[in-house]
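The chain contents come next:
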There are 2 protein chains.
Amino acid sequence: MAKIDLIKDLVPIAQNTMADIVEKELRDYLKKKSFKPGDALPSELELAEALGVSRNVVREALSRLRMLGMVETKKRRGMILSRPDILGSFERVLDPLIIDDSTLQDIFELRLTLEMGLADILYLRKTKKDLKELEAIAKSQEPKGKGQAFRISNEVAFHGKIYQMTGNDTLTRFQNMLLPIFGYVISLEKVPKIGTVSHIDLVNILKDGTKEEFRAGMLEHLKPHFDRLK
Amino acid sequence: MAKIDLIKDLVPIAQNTMADIVEKELRDYLKKKSFKPGDALPSELELAEALGVSRNVVREALSRLRMLGMVETKKRRGMILSRPDILGSFERVLDPLIIDDSTLQDIFELRLTLEMGLADILYLRKTKKDLKELEAIAKSQEPKGKGQAFRISNEVAFHGKIYQMTGNDTLTRFQNMLLPIFGYVISLEKVPKIGTVSHIDLVNILKDGTKEEFRAGMLEHLKPHFDRLK
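Here the structure is a predicted model, which means the values were calculated and not measured. (Residues numbered from 1 in each chain as written. Chains lettered and ligands numbered in written order. Predicted model: local features only at pLDDT ≥ 70, side-chain atom pairs only at ≥ 80, totals over all residues. Heavy atoms only, no water.)

A. Fine view of unusual backbone geometry. All names here are of chain B. Phi at Ser34 takes a positive value of approximately 50°, unusual for a residue other than glycine. Within the fold, Ser34 resides in the loop between helix 1 (2-32) and helix 2 (44-51). If you check the backbone angles, Arg76 has positive phi at about 70° while not being a glycine. Relative to the elements of secondary structure, Arg76 occurs in the loop between strand 1 (71-74) and strand 2 (78-81). (Helix = DSSP H or I, 4+ residues; strand = E, 2+ residues; numbered from the N terminus.)

This is the structure we're talking about:
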(Lines give C-alpha, C1' and ligand atoms only; values in the text may rest on other atoms or scores of the structure.)
Protein backbone atom coordinates (compact mmCIF):
# COMPACT_ATOMS: atom_id res chain seq x y z
CA MET A 1 0.00 0.00 0.00
CA ALA A 2 2.72 2.43 0.98
CA LYS A 3 4.65 1.45 -2.12
CA ILE A 4 1.74 2.10 -4.45
CA ASP A 5 1.20 5.52 -2.96
CA LEU A 6 4.85 6.35 -3.50
CA ILE A 7 4.59 5.42 -7.16
CA LYS A 8 1.40 7.43 -7.53
CA ASP A 9 3.24 10.41 -6.09
CA LEU A 10 6.15 10.07 -8.45
CA VAL A 11 4.65 9.46 -11.86
CA PRO A 12 2.95 12.67 -12.99
CA ILE A 13 5.71 15.09 -12.02
CA ALA A 14 8.59 13.43 -13.85
CA GLN A 15 7.36 13.94 -17.43
CA ASN A 16 6.47 17.53 -16.83
CA THR A 17 9.81 18.36 -15.41
CA MET A 18 11.97 16.87 -18.14
CA ALA A 19 10.53 19.06 -20.89
CA ASP A 20 10.77 22.08 -18.58
CA ILE A 21 14.42 21.34 -17.82
CA VAL A 22 15.37 20.66 -21.43
CA GLU A 23 13.52 23.75 -22.65
CA LYS A 24 15.47 25.90 -20.19
CA GLU A 25 18.75 24.11 -21.04
CA LEU A 26 18.19 24.87 -24.72
CA ARG A 27 17.36 28.52 -24.12
CA ASP A 28 20.44 28.94 -21.93
CA TYR A 29 22.57 27.16 -24.52
CA LEU A 30 21.35 29.42 -27.33
CA LYS A 31 22.09 32.45 -25.20
CA LYS A 32 25.50 31.31 -23.99
CA LYS A 33 26.69 30.45 -27.46
CA SER A 34 25.35 33.81 -28.71
CA PHE A 35 23.39 32.18 -31.51
CA LYS A 36 21.90 34.78 -33.84
CA PRO A 37 18.76 34.59 -35.98
CA GLY A 38 19.56 32.52 -39.07
CA ASP A 39 22.18 30.35 -37.35
CA ALA A 40 21.72 26.61 -37.81
CA LEU A 41 21.07 24.51 -34.71
CA PRO A 42 22.23 20.96 -33.97
CA SER A 43 19.69 18.31 -34.93
CA GLU A 44 17.12 16.86 -32.54
CA LEU A 45 19.18 13.66 -32.33
CA GLU A 46 22.43 15.50 -31.58
CA LEU A 47 20.71 17.56 -28.89
CA ALA A 48 19.18 14.44 -27.32
CA GLU A 49 22.57 12.72 -27.21
CA ALA A 50 24.37 15.78 -25.84
CA LEU A 51 21.78 16.22 -23.09
CA GLY A 52 21.43 12.52 -22.39
CA VAL A 53 17.65 12.59 -22.73
CA SER A 54 15.14 10.96 -25.08
CA ARG A 55 14.34 12.43 -28.47
CA ASN A 56 10.72 12.78 -27.42
CA VAL A 57 11.66 15.17 -24.65
CA VAL A 58 13.89 17.20 -26.97
CA ARG A 59 11.09 17.30 -29.52
CA GLU A 60 8.70 18.62 -26.87
CA ALA A 61 11.14 21.32 -25.78
CA LEU A 62 11.87 22.34 -29.37
CA SER A 63 8.15 22.48 -30.07
CA ARG A 64 7.83 25.03 -27.28
CA LEU A 65 10.65 27.14 -28.74
CA ARG A 66 8.96 26.85 -32.12
CA MET A 67 5.73 28.18 -30.64
CA LEU A 68 7.65 31.10 -29.15
CA GLY A 69 9.03 31.75 -32.63
CA MET A 70 12.61 31.25 -31.42
CA VAL A 71 13.26 28.31 -33.72
CA GLU A 72 12.00 27.39 -37.17
CA THR A 73 12.56 24.52 -39.55
CA LYS A 74 13.84 25.41 -42.99
CA LYS A 75 13.84 23.25 -46.06
CA ARG A 76 17.25 21.61 -46.48
CA ARG A 77 18.88 23.72 -43.74
CA GLY A 78 17.17 22.01 -40.81
CA MET A 79 16.45 23.98 -37.68
CA ILE A 80 17.57 27.56 -37.42
CA LEU A 81 17.22 30.23 -34.77
CA SER A 82 14.62 32.81 -35.74
CA ARG A 83 13.31 36.14 -34.49
CA PRO A 84 10.59 35.48 -31.94
CA ASP A 85 7.25 37.15 -32.06
CA ILE A 86 7.52 38.85 -28.67
CA LEU A 87 3.76 39.22 -28.21
CA GLY A 88 2.63 35.93 -29.77
CA SER A 89 2.42 33.87 -26.58
CA PHE A 90 1.07 36.78 -24.60
CA GLU A 91 -1.83 36.86 -27.04
CA ARG A 92 -2.46 33.14 -26.56
CA VAL A 93 -3.16 33.44 -22.84
CA LEU A 94 -5.15 36.70 -22.79
CA ASP A 95 -8.50 35.10 -22.08
CA PRO A 96 -10.56 36.86 -19.37
CA LEU A 97 -12.13 33.55 -18.36
CA ILE A 98 -8.85 32.03 -17.23
CA ILE A 99 -7.06 35.12 -15.89
CA ASP A 100 -7.50 35.77 -12.16
CA ASP A 101 -9.34 38.92 -11.02
CA SER A 102 -6.28 40.65 -9.64
CA THR A 103 -4.41 40.26 -12.96
CA LEU A 104 -7.50 41.46 -14.88
CA GLN A 105 -7.45 44.56 -12.71
CA ASP A 106 -3.72 44.98 -13.37
CA ILE A 107 -4.31 44.80 -17.12
CA PHE A 108 -7.13 47.32 -16.83
CA GLU A 109 -4.73 49.75 -15.16
CA LEU A 110 -1.95 48.93 -17.61
CA ARG A 111 -4.13 50.10 -20.45
CA LEU A 112 -4.95 53.35 -18.60
CA THR A 113 -1.23 53.86 -18.01
CA LEU A 114 -0.40 53.47 -21.69
CA GLU A 115 -3.23 55.78 -22.69
CA MET A 116 -1.98 58.51 -20.33
CA GLY A 117 1.64 58.00 -21.37
CA LEU A 118 1.49 58.10 -25.13
CA ALA A 119 1.04 61.85 -25.63
CA ASP A 120 4.76 62.59 -25.94
CA ILE A 121 5.40 60.04 -28.68
CA LEU A 122 2.08 60.84 -30.36
CA TYR A 123 2.98 64.52 -30.62
CA LEU A 124 6.34 63.64 -32.16
CA ARG A 125 4.76 61.56 -34.91
CA LYS A 126 1.18 62.64 -35.68
CA THR A 127 0.52 63.79 -39.23
CA LYS A 128 -2.33 65.77 -40.80
CA LYS A 129 -3.36 62.71 -42.78
CA ASP A 130 -3.66 60.64 -39.59
CA LEU A 131 -5.65 63.39 -37.88
CA LYS A 132 -8.12 63.41 -40.75
CA GLU A 133 -8.58 59.66 -40.48
CA LEU A 134 -9.00 59.88 -36.72
CA GLU A 135 -11.58 62.62 -37.14
CA ALA A 136 -13.51 60.50 -39.63
CA ILE A 137 -13.59 57.64 -37.12
CA ALA A 138 -14.73 59.93 -34.30
CA LYS A 139 -17.48 61.50 -36.43
CA SER A 140 -18.84 58.15 -37.56
CA GLN A 141 -19.22 57.28 -33.90
CA GLU A 142 -21.20 60.19 -32.52
CA PRO A 143 -23.59 59.07 -29.74
CA LYS A 144 -26.37 56.97 -31.19
CA GLY A 145 -27.52 55.37 -27.99
CA LYS A 146 -26.18 52.03 -29.16
CA GLY A 147 -25.38 49.24 -26.72
CA GLN A 148 -22.26 48.11 -24.96
CA ALA A 149 -20.93 46.03 -27.88
CA PHE A 150 -21.10 49.04 -30.18
CA ARG A 151 -19.34 51.16 -27.60
CA ILE A 152 -16.48 48.72 -27.26
CA SER A 153 -15.95 48.40 -31.01
CA ASN A 154 -15.90 52.21 -31.11
CA GLU A 155 -13.21 52.28 -28.50
CA VAL A 156 -11.15 49.77 -30.45
CA ALA A 157 -11.36 51.78 -33.66
CA PHE A 158 -10.70 55.19 -32.14
CA HIS A 159 -8.04 54.34 -29.59
CA GLY A 160 -6.48 51.80 -31.94
CA LYS A 161 -5.98 54.59 -34.49
CA ILE A 162 -4.33 56.80 -31.85
CA TYR A 163 -1.85 54.03 -31.09
CA GLN A 164 -1.22 53.51 -34.76
CA MET A 165 -0.41 57.23 -35.01
CA THR A 166 2.50 56.72 -32.60
CA GLY A 167 4.16 54.66 -35.34
CA ASN A 168 4.95 51.98 -32.75
CA ASP A 169 3.75 48.60 -34.02
CA THR A 170 4.46 46.72 -30.79
CA LEU A 171 2.58 49.28 -28.71
CA THR A 172 -0.33 49.22 -31.16
CA ARG A 173 -0.58 45.45 -31.13
CA PHE A 174 -0.14 45.29 -27.37
CA GLN A 175 -2.96 47.78 -26.84
CA ASN A 176 -5.21 45.87 -29.24
CA MET A 177 -4.65 42.78 -27.12
CA LEU A 178 -5.44 44.60 -23.89
CA LEU A 179 -8.68 46.17 -25.10
CA PRO A 180 -10.88 43.04 -24.95
CA ILE A 181 -9.76 42.51 -21.35
CA PHE A 182 -10.50 46.16 -20.66
CA GLY A 183 -13.90 45.77 -22.26
CA TYR A 184 -14.56 42.67 -20.20
CA VAL A 185 -13.82 44.48 -16.94
CA ILE A 186 -16.11 47.35 -17.95
CA SER A 187 -18.88 44.93 -18.96
CA LEU A 188 -19.01 43.67 -15.39
CA GLU A 189 -20.76 46.84 -14.31
CA LYS A 190 -24.37 47.48 -15.21
CA VAL A 191 -24.42 51.14 -16.21
CA PRO A 192 -21.34 52.19 -18.16
CA LYS A 193 -20.37 55.77 -17.46
CA ILE A 194 -18.98 58.07 -20.10
CA GLY A 195 -16.41 60.84 -19.59
CA THR A 196 -17.27 64.46 -20.36
CA VAL A 197 -14.54 64.70 -23.02
CA SER A 198 -15.61 62.85 -26.17
CA HIS A 199 -13.60 61.37 -29.03
CA ILE A 200 -14.38 64.46 -31.12
CA ASP A 201 -13.09 66.69 -28.31
CA LEU A 202 -9.85 64.69 -28.26
CA VAL A 203 -9.44 65.09 -32.02
CA ASN A 204 -9.86 68.85 -31.68
CA ILE A 205 -7.23 69.02 -28.96
CA LEU A 206 -4.85 66.95 -31.09
CA LYS A 207 -5.36 69.40 -33.96
CA ASP A 208 -4.70 72.64 -32.11
CA GLY A 209 -3.77 71.91 -28.51
CA THR A 210 -0.54 71.13 -26.67
CA LYS A 211 0.34 67.67 -25.48
CA GLU A 212 -0.37 68.77 -21.91
CA GLU A 213 -3.88 69.74 -23.00
CA PHE A 214 -4.23 66.42 -24.77
CA ARG A 215 -3.16 64.56 -21.64
CA ALA A 216 -5.66 66.51 -19.51
CA GLY A 217 -8.37 65.76 -22.08
CA MET A 218 -7.52 62.07 -22.11
CA LEU A 219 -7.63 61.97 -18.31
CA GLU A 220 -11.10 63.52 -18.41
CA HIS A 221 -12.15 61.11 -21.18
CA LEU A 222 -11.01 58.16 -19.05
CA LYS A 223 -12.28 59.62 -15.76
CA PRO A 224 -15.05 57.04 -15.19
CA HIS A 225 -12.36 54.33 -15.37
CA PHE A 226 -9.99 56.14 -13.04
CA ASP A 227 -12.88 56.73 -10.61
CA ARG A 228 -13.31 52.97 -10.44
CA LEU A 229 -9.78 52.64 -9.03
CA LYS A 230 -10.37 54.72 -5.93
CA MET B 1 15.08 13.44 -59.33
CA ALA B 2 11.85 15.33 -59.43
CA LYS B 3 10.38 12.88 -56.96
CA ILE B 4 13.22 13.25 -54.48
CA ASP B 5 12.90 17.02 -54.58
CA LEU B 6 9.22 16.74 -53.87
CA ILE B 7 9.89 14.59 -50.82
CA LYS B 8 12.55 17.00 -49.62
CA ASP B 9 10.06 19.82 -49.95
CA LEU B 10 7.39 18.00 -48.00
CA VAL B 11 9.14 16.55 -44.98
CA PRO B 12 10.10 19.43 -42.68
CA ILE B 13 6.85 21.35 -42.86
CA ALA B 14 4.48 18.55 -41.96
CA GLN B 15 5.70 17.92 -38.43
CA ASN B 16 5.72 21.60 -37.59
CA THR B 17 2.23 22.12 -38.76
CA MET B 18 0.60 19.25 -36.88
CA ALA B 19 1.65 20.51 -33.44
CA ASP B 20 0.63 24.04 -34.44
CA ILE B 21 -2.78 22.85 -35.58
CA VAL B 22 -3.40 20.66 -32.55
CA GLU B 23 -2.24 23.40 -30.18
CA LYS B 24 -4.73 25.81 -31.72
CA GLU B 25 -7.47 23.14 -31.76
CA LEU B 26 -6.96 22.56 -28.06
CA ARG B 27 -6.98 26.25 -27.20
CA ASP B 28 -10.17 26.77 -29.20
CA TYR B 29 -11.73 23.71 -27.57
CA LEU B 30 -10.93 24.95 -24.07
CA LYS B 31 -12.43 28.32 -24.92
CA LYS B 32 -15.53 26.98 -26.63
CA LYS B 33 -16.33 24.62 -23.79
CA SER B 34 -15.76 27.48 -21.33
CA PHE B 35 -13.36 25.41 -19.25
CA LYS B 36 -12.39 27.21 -16.04
CA PRO B 37 -9.20 26.93 -14.00
CA GLY B 38 -9.37 23.75 -11.95
CA ASP B 39 -11.51 21.83 -14.49
CA ALA B 40 -10.20 18.40 -15.45
CA LEU B 41 -9.23 17.83 -19.08
CA PRO B 42 -9.60 14.65 -21.14
CA SER B 43 -6.48 12.49 -21.14
CA GLU B 44 -3.74 12.63 -23.78
CA LEU B 45 -5.04 9.40 -25.28
CA GLU B 46 -8.65 10.60 -25.42
CA LEU B 47 -7.56 13.85 -27.06
CA ALA B 48 -5.43 11.97 -29.61
CA GLU B 49 -8.35 9.72 -30.53
CA ALA B 50 -10.85 12.57 -30.72
CA LEU B 51 -8.55 14.59 -32.96
CA GLY B 52 -7.40 11.61 -35.00
CA VAL B 53 -3.72 12.40 -34.49
CA SER B 54 -0.82 10.63 -32.83
CA ARG B 55 -0.23 10.84 -29.09
CA ASN B 56 3.18 12.37 -29.77
CA VAL B 57 1.59 15.33 -31.49
CA VAL B 58 -0.94 15.79 -28.67
CA ARG B 59 1.89 15.55 -26.14
CA GLU B 60 3.80 18.26 -28.00
CA ALA B 61 0.77 20.55 -28.10
CA LEU B 62 -0.02 19.94 -24.42
CA SER B 63 3.59 20.66 -23.54
CA ARG B 64 3.22 24.07 -25.15
CA LEU B 65 0.07 24.78 -23.14
CA ARG B 66 1.92 23.61 -20.05
CA MET B 67 4.70 26.09 -20.77
CA LEU B 68 2.12 28.86 -21.13
CA GLY B 69 0.77 27.83 -17.72
CA MET B 70 -2.65 27.02 -19.21
CA VAL B 71 -2.51 23.38 -18.21
CA GLU B 72 -0.96 21.52 -15.30
CA THR B 73 -0.75 17.93 -14.21
CA LYS B 74 -2.08 17.17 -10.74
CA LYS B 75 -1.48 14.08 -8.68
CA ARG B 76 -4.40 11.66 -9.06
CA ARG B 77 -6.54 14.23 -10.95
CA GLY B 78 -4.62 14.15 -14.19
CA MET B 79 -4.49 17.27 -16.34
CA ILE B 80 -6.40 20.34 -15.28
CA LEU B 81 -6.77 23.81 -16.71
CA SER B 82 -4.77 26.34 -14.71
CA ARG B 83 -4.31 30.10 -14.54
CA PRO B 84 -1.63 31.08 -17.04
CA ASP B 85 1.28 33.28 -16.15
CA ILE B 86 0.48 36.02 -18.66
CA LEU B 87 4.03 37.37 -18.79
CA GLY B 88 5.94 34.07 -18.56
CA SER B 89 6.48 33.49 -22.26
CA PHE B 90 7.05 37.16 -22.93
CA GLU B 91 9.96 36.95 -20.51
CA ARG B 92 11.39 33.92 -22.33
CA VAL B 93 11.84 35.75 -25.63
CA LEU B 94 13.04 39.14 -24.38
CA ASP B 95 16.63 38.71 -25.49
CA PRO B 96 18.10 41.77 -27.22
CA LEU B 97 20.34 39.54 -29.35
CA ILE B 98 17.43 37.87 -31.10
CA ILE B 99 14.93 40.74 -31.28
CA ASP B 100 15.05 42.84 -34.44
CA ASP B 101 16.08 46.51 -34.24
CA SER B 102 12.66 47.90 -34.97
CA THR B 103 11.07 45.89 -32.14
CA LEU B 104 13.90 46.92 -29.79
CA GLN B 105 13.08 50.52 -30.61
CA ASP B 106 9.37 49.82 -30.01
CA ILE B 107 10.15 48.37 -26.57
CA PHE B 108 12.33 51.37 -25.77
CA GLU B 109 9.37 53.65 -26.51
CA LEU B 110 6.96 51.37 -24.68
CA ARG B 111 8.96 51.83 -21.51
CA LEU B 112 8.96 55.63 -21.95
CA THR B 113 5.18 55.51 -22.48
CA LEU B 114 4.63 53.57 -19.25
CA GLU B 115 6.91 55.90 -17.33
CA MET B 116 5.01 58.97 -18.55
CA GLY B 117 1.64 57.33 -17.93
CA LEU B 118 1.93 56.02 -14.41
CA ALA B 119 1.56 59.31 -12.50
CA ASP B 120 -2.22 59.02 -12.10
CA ILE B 121 -2.16 55.55 -10.56
CA LEU B 122 0.97 56.36 -8.55
CA TYR B 123 -0.72 59.38 -6.97
CA LEU B 124 -3.71 57.25 -6.02
CA ARG B 125 -1.60 54.68 -4.20
CA LYS B 126 1.68 56.16 -2.92
CA THR B 127 2.24 55.99 0.84
CA LYS B 128 4.66 57.79 3.17
CA LYS B 129 6.42 54.51 3.87
CA ASP B 130 7.02 53.94 0.15
CA LEU B 131 8.28 57.50 -0.30
CA LYS B 132 10.83 56.96 2.48
CA GLU B 133 12.08 53.80 0.81
CA LEU B 134 12.26 55.51 -2.56
CA GLU B 135 14.19 58.39 -1.01
CA ALA B 136 16.65 55.96 0.56
CA ILE B 137 17.25 54.36 -2.84
CA ALA B 138 17.73 57.75 -4.54
CA LYS B 139 20.16 58.94 -1.85
CA SER B 140 22.28 55.81 -2.02
CA GLN B 141 22.70 56.51 -5.70
CA GLU B 142 23.89 60.09 -5.77
CA PRO B 143 26.37 60.72 -8.60
CA LYS B 144 29.58 58.86 -7.98
CA GLY B 145 30.91 58.91 -11.50
CA LYS B 146 30.40 55.15 -11.73
CA GLY B 147 30.14 53.42 -15.09
CA GLN B 148 27.28 52.40 -17.31
CA ALA B 149 26.58 49.12 -15.48
CA PHE B 150 26.18 50.95 -12.19
CA ARG B 151 23.87 53.46 -13.83
CA ILE B 152 21.61 50.76 -15.21
CA SER B 153 21.32 48.92 -11.89
CA ASN B 154 20.45 52.30 -10.34
CA GLU B 155 17.69 52.76 -12.84
CA VAL B 156 16.33 49.30 -12.11
CA ALA B 157 16.22 49.93 -8.36
CA PHE B 158 14.75 53.42 -8.50
CA HIS B 159 12.23 53.05 -11.30
CA GLY B 160 11.37 49.52 -10.15
CA LYS B 161 10.40 50.97 -6.76
CA ILE B 162 8.17 53.58 -8.42
CA TYR B 163 6.33 50.83 -10.29
CA GLN B 164 5.99 48.82 -7.11
CA MET B 165 4.39 51.91 -5.51
CA THR B 166 1.57 51.72 -8.08
CA GLY B 167 0.53 48.45 -6.39
CA ASN B 168 0.23 46.85 -9.83
CA ASP B 169 2.22 43.60 -9.88
CA THR B 170 1.78 42.99 -13.61
CA LEU B 171 2.97 46.49 -14.47
CA THR B 172 5.93 46.15 -12.10
CA ARG B 173 7.00 42.83 -13.55
CA PHE B 174 6.46 44.01 -17.10
CA GLN B 175 8.63 47.08 -16.52
CA ASN B 176 11.35 44.95 -14.93
CA MET B 177 11.40 42.85 -18.09
CA LEU B 178 11.62 45.89 -20.35
CA LEU B 179 14.48 47.56 -18.49
CA PRO B 180 17.30 45.28 -19.72
CA ILE B 181 16.17 45.92 -23.30
CA PHE B 182 16.04 49.62 -22.53
CA GLY B 183 19.53 49.41 -21.05
CA TYR B 184 20.76 47.56 -24.10
CA VAL B 185 19.48 50.26 -26.46
CA ILE B 186 21.13 52.96 -24.33
CA SER B 187 24.40 51.03 -24.20
CA LEU B 188 24.64 51.26 -27.99
CA GLU B 189 25.58 54.91 -27.73
CA LYS B 190 28.98 55.95 -26.51
CA VAL B 191 28.28 58.87 -24.19
CA PRO B 192 25.16 58.40 -22.11
CA LYS B 193 23.38 61.67 -21.44
CA ILE B 194 21.63 62.42 -18.19
CA GLY B 195 18.50 64.54 -17.74
CA THR B 196 18.57 67.68 -15.59
CA VAL B 197 15.96 66.28 -13.16
CA SER B 198 17.57 63.67 -10.89
CA HIS B 199 16.08 60.79 -8.91
CA ILE B 200 16.23 62.94 -5.76
CA ASP B 201 14.36 65.73 -7.56
CA LEU B 202 11.64 63.25 -8.52
CA VAL B 203 11.32 62.09 -4.90
CA ASN B 204 10.89 65.69 -3.77
CA ILE B 205 8.16 66.29 -6.33
CA LEU B 206 6.40 63.09 -5.26
CA LYS B 207 6.48 64.34 -1.65
CA ASP B 208 5.06 67.81 -2.16
CA GLY B 209 4.14 68.30 -5.81
CA THR B 210 1.08 67.59 -7.94
CA LYS B 211 0.92 64.73 -10.41
CA GLU B 212 1.23 67.24 -13.25
CA GLU B 213 4.49 68.46 -11.73
CA PHE B 214 5.64 64.88 -11.34
CA ARG B 215 4.86 64.17 -14.98
CA ALA B 216 6.77 67.28 -16.10
CA GLY B 217 9.69 66.22 -13.89
CA MET B 218 9.69 62.71 -15.30
CA LEU B 219 9.65 64.09 -18.84
CA GLU B 220 12.69 66.21 -18.02
CA HIS B 221 14.38 63.22 -16.33
CA LEU B 222 13.83 61.14 -19.46
CA LYS B 223 14.59 63.97 -21.88
CA PRO B 224 17.81 62.47 -23.29
CA HIS B 225 15.82 59.39 -24.26
CA PHE B 226 13.01 61.36 -25.83
CA ASP B 227 15.58 63.45 -27.72
CA ARG B 228 16.82 60.23 -29.27
CA LEU B 229 13.41 59.68 -30.87
CA LYS B 230 13.40 62.86 -32.91
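Moving on from the model shown.
B. Expanded view of the pairing of strand 2 of chain B. Residues and elements named next belong to chain B. Pairing analysis gives 4 bridges linking strand 1 to strand 2, with the strands arranged antiparallel. Among the inter-strand pairings, Val71 is bridged to a residue of strand 2, identified as Leu81. In sequence, strand 1 turns back onto strand 2 through a hairpin of 3 residues, with Arg76 there showing a positive phi of about 70°. (Pairing = 2+ DSSP bridges.)

C. Expanded view of the interface of chain B and chain A. Counting residues at the interface gives 65 residues for chain B and 65 residues for chain A. Each partner contributes to the roughly 6,300 Å² buried at the junction of chain B and chain A, and carbon and sulfur atoms together form 62% of this total. Taken as a group, Ile86, Ile98 and Thr113 of chain B account for 10% of the area that chain B buries against chain A, more than any other trio of residues on that side. Taken together, chain B and chain A are joined by 4 salt bridges. The closest approach of N and O atoms between Glu109 of chain B and Arg125 of chain A, which form a salt bridge, is 2.8 Å. If you look at where chain B meets chain A, you find 16 residue pairs in polar contact (both at pLDDT 80 or more). Taken together, the elements giving at least two residues each to the side of chain B that touches chain A come down to helix 1, helix 3 (55-67), helix 4 (88-93), helix 5 (101-117), helix 6 (119-125), helix 9 (169-187) and helix 11 (211-221) of chain B. Taken together, the residues of the side of chain B that touches chain A break down into 29 nonpolar, 12 polar and 24 charged. (Contact = heavy atoms within 4.5 Å. Buried area = accessible area lost by both parts, 1.4 Å probe. Salt bridge = Lys/Arg side-chain N within 4 Å of Asp/Glu carboxyl O. Polar contact = N/O pair within 3.5 Å; in protein donor to acceptor, adjacent residues only side chain to side chain. Nonpolar A, V, L, I, M, F, W, Y, C, P; charged D, E, K, R; others polar.)

D. Summary view of the relation of the copies chain B and chain A. Rotating chain B by 180° and moving it 0.0 Å along the rotation axis overlays it on chain A with an RMSD of 0.0 Å. This pairing of chains is accounted for by a two-fold axis. Among all residues of chain B, the one whose C-alpha sits closest to the rotation axis is Gly117 of chain B, at a distance of 1.7 Å. When the interface residues of chain B are mapped onto chain A, 100% of them again lie at the interface, so the same face is used by both copies. (Least-squares fit on C-alpha atoms with pLDDT ≥ 70 in both.)

E. Helix 2 of chain B, seen in detail. Residue and element names in this part refer to chain B. Buried within helix 2 are the following residues: Glu44, Leu47 and Ala48. Down the axis, helix 2 shows its buried residues gathered within 100° of arc, on one side only. Turned more than 90 degrees off the buried face of helix 2, the exposed positions are Glu49 and Ala50. (Buried < 20%, exposed > 50% of the residue type's maximum accessible area, 1.4 Å probe, protein only. Arc of directions from axis to C-beta.)

F. Expanded view of the packing of helix 5 (residues 101-117) of chain A against helix 11 (residues 211-221) of chain A. Residue and element names in this part refer to chain A. For the pair helix 5 and helix 11, interaxial distance at closest approach is 9 Å and the crossing angle is 155°. In this view, helix 5 runs roughly antiparallel relative to helix 11, as classed from their interaxial angle. From helix 5, Glu115, Met116 and Gly117 reach across to helix 11, where they touch Arg215, Met218 and Leu219. For the contact of helix 5 with helix 11, the residue count by class is 3 nonpolar, 1 polar and 2 charged. (Axes fitted to C-alpha atoms, helices over the stretch in contact; angles between N-to-C directions. Parallel < 35°, antiparallel > 145°, perpendicular 65-115°, else oblique.)

G. Just the packing of helix 5 of chain A against helix 5 of chain B, in detail. Contact geometry of helix 5 of chain A with helix 5 of chain B gives a least axis separation of 7 Å together with a crossing angle of 95°. Classified by the angle their axes make, helix 5 of chain A and helix 5 of chain B are roughly perpendicular. Every residue of helix 5 of chain B that contacts helix 5 of chain A at Leu110, Thr113, Leu114, Met116 and Gly117 of chain A is listed here: Leu110, Thr113, Leu114, Met116 and Gly117 of chain B. Looking at the contact of helix 5 of chain A with helix 5 of chain B residue by residue, the class counts come to 6 nonpolar, 4 polar and no charged.

H. Spotlight on the environment of Ala136 of chain B. Assignment of secondary structure puts Ala136 of chain B in helix 7 (residues 128-139). Remark: the alpha-carbon pair of Ala136 of chain B and Val203 of chain B, spanning 67 residues in sequence, is separated by 9.8 Å.

I. Inspection of the pattern of salt bridges at higher detail. Enumeration according to the criterion identifies 42 salt bridges over all chains in this entry. In this structure, Lys24 of chain B engages Asp28 of chain B in a salt bridge whose closest nitrogen and oxygen atoms are separated by 2.9 Å. Pair noted here: Lys24 of chain B and Asp28 of chain B are both in helix 1, with a separation of 4 residues, about one helical turn. By relative accessible area, Lys24 of chain B is classed as partly exposed at 44%. Two residues, Lys211 of chain B and Asp120 of chain B, come together in a salt bridge whose shortest N-O distance is 3.0 Å. In this pair, Lys211 of chain B sits in helix 11 while Asp120 of chain B sits in helix 6, placing the two residues 91 residues apart along the sequence. Shared partners join several salt bridges into a network, and the residues in it are Asp20, Glu23, Arg27 and Arg64 of chain A together with Arg92 of chain B.

J. Region of the structure containing the packing of aromatic side chains. Scanning the model with the defined rule gives 10 aromatic pairs over all chains in all. Taking the centre distance of 5.0 Å and the plane angle of 10° together, the rings of Phe174 of chain A and Phe174 of chain B count as stacked. Taken together, the positions of Phe174 of chain A in helix 9 (residues 169-187) and Phe174 of chain B in helix 9 put the pair across two chains. By the burial criterion, Phe174 of chain A is buried, and Phe174 of chain B matches it. Summarising the aromatic geometry, the rings of Tyr123 of chain B and Phe214 of chain B are spaced 6.1 Å apart at their centres and angled 55° between planes, so their arrangement reads as tilted. You can see Tyr123 of chain B sitting in helix 6 and its partner Phe214 of chain B sitting in helix 11, a full 91 residues away along the chain. Ring pairing ties together the aromatic residues Phe90 and Phe174 of chain A together with Phe90 and Phe174 of chain B, which thus form one cluster. (Phe/Tyr/Trp six-rings, centres within 6.5 Å; stacked < 30°, edge-to-face > 60°.)

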